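# Structural features, examined
What follows is the residue order along each chain.
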Amino acid sequence: MAVVALLTAITAPAYAAGGAYFSGVYANLAGVRDYHGYVPSSYRPGTPMPLLVALHGCTENDVGFDLLSGWSALAEERGFIVVFPDQSNLANPAGCWNWPLPVNQHRGQGEPSIIAGITNKIRSQYSVDSRRVFTTGVSADRIAGQWAVVDGIDAVPDEVAHGQVPAGRSYTHLTYRSAAGRSLIEQYMIDGAGHAYPGGCSCSLYGDPAGPDASTITRDFFLANPKT
């Protein structure tokens, strides 16, 4: 327990007048993970702010996903805190989060407990709006259907719209709503896209600038849908 306390205490970020990056290490019985994040210049202690937990994909790391997605820049622009947990290559040589393992499919166990622990650590260090704590990630091709089951709705979209990125890719936007008409799931099917991050920075191997801007779309969805 003394080791855990040391690892989590020595990395507390100092607040600066402008936006600031922070980094740290979190440990519990399930393992140890690094993380880094960004606090925007609009942050004021005592004024709750949304928090986004951003999970990178396979063969990536936390810093690379930040560059790819532009989440820190969006955090500065729209006023929210973002934190990037980093998967350990000792836990997975390819850098993937081990979601297929049964131990990681239960609340309070395995890697979910580590991610939750990092989230709660940030909440203890900054003023975070408990109704606006969100998680995003990449490389999860069946997640829309899975969330439809969780939300208790059918997998037939209630609204279908078509769009086109200027000088970029065309796409189909599917919206799944609750019985009350609230948007629960929004899915984008992008024509001609490979296994890449839509709208991501061309500085990354996984970026697809020709696609719709996934980070901006995700940000707008989250900020419009606080926890009820």
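Here's a quick rundown of the structure.

Basis of the calculations
- Residues numbered from 1 in each chain as written.
- Predicted model: local features only at pLDDT ≥ 70, side-chain atom pairs only at ≥ 80, totals over all residues.
- Heavy atoms only, no water.
- Helix = DSSP H or I, 4+ residues; strand = E, 2+ residues; numbered from the N terminus.
- Buried < 20%, exposed > 50% of the residue type's maximum accessible area, 1.4 Å probe, protein only.
- Contact = heavy atoms within 4.5 Å.
- Areas by Shrake-Rupley, 256 points an atom, 1.4 Å probe, with all protein chains shown as cover.
- Lys, Arg positive; Asp, Glu negative; His and termini not counted.
- Charge placed at Lys NZ, Arg CZ, Asp CG, Glu CD.
- Axes fitted to C-alpha atoms, helices over the stretch in contact; angles between N-to-C directions.
- Parallel < 35°, antiparallel > 145°, perpendicular 65-115°, else oblique.
- Left-handed = near helix turned anticlockwise from the far one by under 90°.
- Nonpolar A, V, L, I, M, F, W, Y, C, P; charged D, E, K, R; others polar.
- Disulfide = S-S within 2.5 Å.
- Phe/Tyr/Trp six-rings, centres within 6.5 Å; stacked < 30°, edge-to-face > 60°.
- Pairing = 2+ DSSP bridges.
- Core = buried A, V, L, I, M, F, W, Y, C linked by side-chain atoms within 4.5 Å.
- Patch = residues over 30% accessible without salt bridge, like charges linked within 9 Å, V, L, I, M, F, W, Y side chains within 5 Å.
- Salt bridge = Lys/Arg side-chain N within 4 Å of Asp/Glu carboxyl O.

Scanning the protein for helices and strands turns up six helices and 10 strands. When its C-alpha atoms are laid out on the principal axes, the protein stretches across 55 × 40 × 40 Å. When burial is assessed residue by residue, the protein has 43% of its 228 residues classed as buried. Sequence separation of 24 or more characterises 57% of the internal contacts of the protein that already satisfy a separation of 6 or more. In the structure as shown, the protein presents an accessible area of about 12,200 Å², 58% of it carried by carbon and sulfur atoms. Taking the 14 positively charged and 19 negatively charged side chains of the protein as two groups, their mean positions are separated by 9 Å.

Moving on, we get to the packing of helix α3 (residues 71-78) against helix α6 (residues 214-223). As a packed pair, α3 and α6 sit with axes 11 Å apart at the nearest point and diverge in direction by 45 degrees. In terms of orientation, α3 and α6 fall into the oblique class. For the pair α3 and α6, the crossing hand works out as right-handed. Residues Trp71, Leu74, Glu77 and Arg78 of α3 form the contact with α6, whose participating residues are Ser215, Thr216, Thr218, Arg219, Asp220 and Leu223. Its residues placed into classes, the contact of α3 with α6 shows three nonpolar, three polar and four charged.

This paragraph deals with unusual backbone geometry. We note that Thr59 has phi near 65 degrees; this positive angle belongs to a residue other than glycine. Topologically, Thr59 is positioned in the loop between β3 (49-54) and α2 (62-69). Residue class for Thr59 comes out exposed when judged on its relative accessible area of 53%. Look at Ala167: it is not a glycine, yet its phi comes out positive at around 60 degrees.

Turning next to the state of the cysteines. Within the structure shown, the criterion is met by two disulfides. The disulfide bridge from Cys58 ends at Cys96, spanning 2.0 Å between sulfur atoms. With the S-S dihedral at roughly 125 degrees, the linkage between Cys58 and Cys96 falls on the right-handed side. Pair noted here: Cys58 is in the loop between β3 and α2 and Cys96 is in the loop between β4 (81-86) and α4 (110-125), with a separation of 38 residues, a long-range link. Each sulfur in the disulfide pair Cys201 and Cys203 lies 2.3 Å from the other.

This brings us to the packing of aromatic side chains. For the structure shown, the criterion picks out 10 aromatic pairs. Between Tyr43 and Tyr126 the ring centres are 5.5 Å apart and the planes differ by 85 degrees, which places this aromatic pair in the edge-to-face class. Placement of Tyr43 in the loop between β2 (31-39) and β3 and of Tyr126 in the loop between α4 and β5 (128-136) is noted, with a sequence separation of 83 residues between them. In this pair, the class of Tyr43 matches that of Tyr126, namely buried. The rings of Phe22, Tyr35, Tyr43 and Tyr126 are connected pair by pair, giving a single aromatic cluster.

It is worth spelling out the sheet that holds strand β7 (residues 170-177) at this point. Strands sit in the order β6-β7-β8 across an open sheet of three strands; the sheet is antiparallel. The sheet is open, and its two edges are formed by β6 (159-164) and β8 (183-190), each paired on a single side. The sheet shows a mean angle of 20 degrees between the axes of neighbouring strands, direction not considered. Pairing analysis gives seven bridges linking β7 to β8, with the strands arranged antiparallel.

By size, the foremost hydrophobic cluster in this structure holds 18 residues, and its most contacted members are Phe22, Tyr35, Ile81, Val83, Ile122 and Tyr126. Residue assignment for this core shows that the elements contributing at least two residues are β1 (20-28), β2, β3, β4 and α4. Residue contributions to this core peak at four residues, all from α4. Formed by 16 residues, the second largest nonpolar core is a distinct cluster that contains Trp71, Tyr197, Ala214 and Phe222.

Glancing now at a nonpolar patch on the surface. Taken together, the side chains of Ile143, Trp147 and Val150 present a nonpolar region at the surface, about 310 Å² in accessible area. Tracing the chain through its elements places Ile143 in helix α5 (residues 143-151). A residue is classified by how much of its surface remains accessible, and Ile143, at 39% relative accessible area, is partly exposed.

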